[in-house]
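Here is what each chain is made of, one letter per residue.
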Amino acid sequence: MMHGPLPDQKDLPGTATSNPLVAALGQALALCNNVIVFGAALALIAACAILSYSVLGRALFHSANYWQDEAAVFLLVGATFMTAAYVQGQRGHIGIEAFIGLMSPRANRIRLWLVDVASLLFCAFFAWKSWTLAHEAWVDGQVSNSMWSPPLAIPYVLMALGMSLLCLQLLLQIIIPLVGNTALVDKSRR
């Protein structure tokens, strides 16, 4: 079970500072992720309030609720996908810790790098398909099949944007070890 960053990842943020461009990208992404996490927390609170209102409205006042469920789902989709980059930056996604103790630190770094590359390939495909889905929903004017009929482009764009940020985070995690190693080699030659 994952309870925080992996033990062998504690030295990676310092490595990013060896290259100013990578460090600036990392800081900008971290700031963006922190803002998104705050917004996602508000979205979760709003989803809870909307669903609570829906339950109380139906139980006490027998009122129709044609918009509450979809509004809550849209908020939850946004919160889930938009915070994926933050979670990846913390290495908070589910991981198999059994291999960490069996492998050397170098083998673990290689394993993590390969997992990040494979994850980037998958997430890039997912982001690309999400953007095409969002574009189709926008161009065709697709709406949900409810009485409220909100545009489906809203959750699709949130999904695509979140996956794009996740791809950027994964790309950063792939580049950092490479830039860190070359920076160390350059310092040793001086």
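Residues numbered from 1 in each chain as written. Predicted model: local features only at pLDDT ≥ 70, side-chain atom pairs only at ≥ 80, totals over all residues. Heavy atoms only, no water.

A. Representation of the overall build of the chain in the model. Scanning the chain for helices and strands turns up seven helices and zero strands. Taken from N to C terminus, the helices and strands of the chain fall in the order α-α-α-α-α-α-α. For the chain, contacts bridging at least 24 residues in sequence account for 75% of all contacts bridging at least 6. On the chain, roughly 11,800 Å² of surface is accessible, and the fraction owed to carbon and sulfur atoms is 72%. (Helix = DSSP H or I, 4+ residues; strand = E, 2+ residues; numbered from the N terminus. Contact = heavy atoms within 4.5 Å. Areas by Shrake-Rupley, 256 points an atom, 1.4 Å probe, with all protein chains shown as cover.)

B. Structural context of the pattern of salt bridges. The tally for this structure, following the rule as stated, stands at one salt bridge. When the shortest N-O distance is used, the salt bridge between D116 and R91 registers 2.7 Å. Here R91 lies in the loop between α4 (84–89) and α5 (98–102) and D116 lies in helix α6 (residues 105–140), a separation of 25 residues in the sequence. (Salt bridge = Lys/Arg side-chain N within 4 Å of Asp/Glu carboxyl O.)

C. Structural view of the packing of aromatic side chains. If you walk through the whole model with that rule in mind, you get five aromatic pairs. These aromatic residues form a ring-pair network of at least three members: F81, F122 and F126. One cation-aromatic arrangement involves K129 over W128; the distance from NZ or CZ to the ring centre is 4.9 Å. (Phe/Tyr/Trp six-rings, centres within 6.5 Å; stacked < 30°, edge-to-face > 60°. Lys NZ or Arg CZ within 6 Å of the ring centre and 35° of its normal.)

D. Looking closely at the side chain of N33. With respect to the secondary-structure elements, N33 resides in helix α2 (residues 20–61). Classification of N33 as buried rests on a relative accessible area of 3%. Each residue touching N33, except ones within four places of it in the same chain, is listed here: A85, Y86 and Q169. (Buried < 20%, exposed > 50% of the residue type's maximum accessible area, 1.4 Å probe, protein only.)

E. Expanded view of unusual backbone geometry. The phi dihedral of H62 falls on the positive side, at around 50°, and the residue is not glycine. Tracing the backbone through its elements, the reader meets H62 in the loop between α2 and α3 (68–82). Exposure remark for H62: the relative accessible area of 69% places this residue in the exposed category. The backbone of R91 shows a phi angle near 55°, a positive value even though the residue is not glycine. Relative accessible area serves as the criterion here: at 11%, R91 is assigned to the buried category.

F. Here's a closer look at the confidence of the model for the chain. Considering every residue of the chain, the mean pLDDT works out to 85; 85% of them sit at 70 or more. Confidence drops under a pLDDT of 50 for residues 181–190, and excluding neighbours within four residues, the segment shows one contact in the predicted structure. (pLDDT = per-residue confidence, 0-100.)

G. View of a nonpolar patch on the surface. Side chains of L25, L168 and L171 sit close together on the surface and give an oily, nonpolar patch of about 200 Å² of accessible area. Examined against the element boundaries, L25 turns out to sit in helix α2. (Patch = residues over 30% accessible without salt bridge, like charges linked within 9 Å, V, L, I, M, F, W, Y side chains within 5 Å.)

H. Just the packing of α2 against α3, in detail. Packing of α2 against α3 leaves a shortest axis separation of 9 Å and a crossing angle of 160°. Our classification of the angle between α2 and α3 gives roughly antiparallel. With respect to the hand of their crossing, α2 and α3 are arranged in left-handed fashion. Residues I36, A40, A43, L44, A46, A47, I50, L51, Y53 and S54 of α2 form the contact with α3, whose own contacting residues are Q68, D69, A71, A72, L75, L76, A79 and M82. (Axes fitted to C-alpha atoms, helices over the stretch in contact; angles between N-to-C directions. Parallel < 35°, antiparallel > 145°, perpendicular 65-115°, else oblique. Left-handed = near helix turned anticlockwise from the far one by under 90°.)

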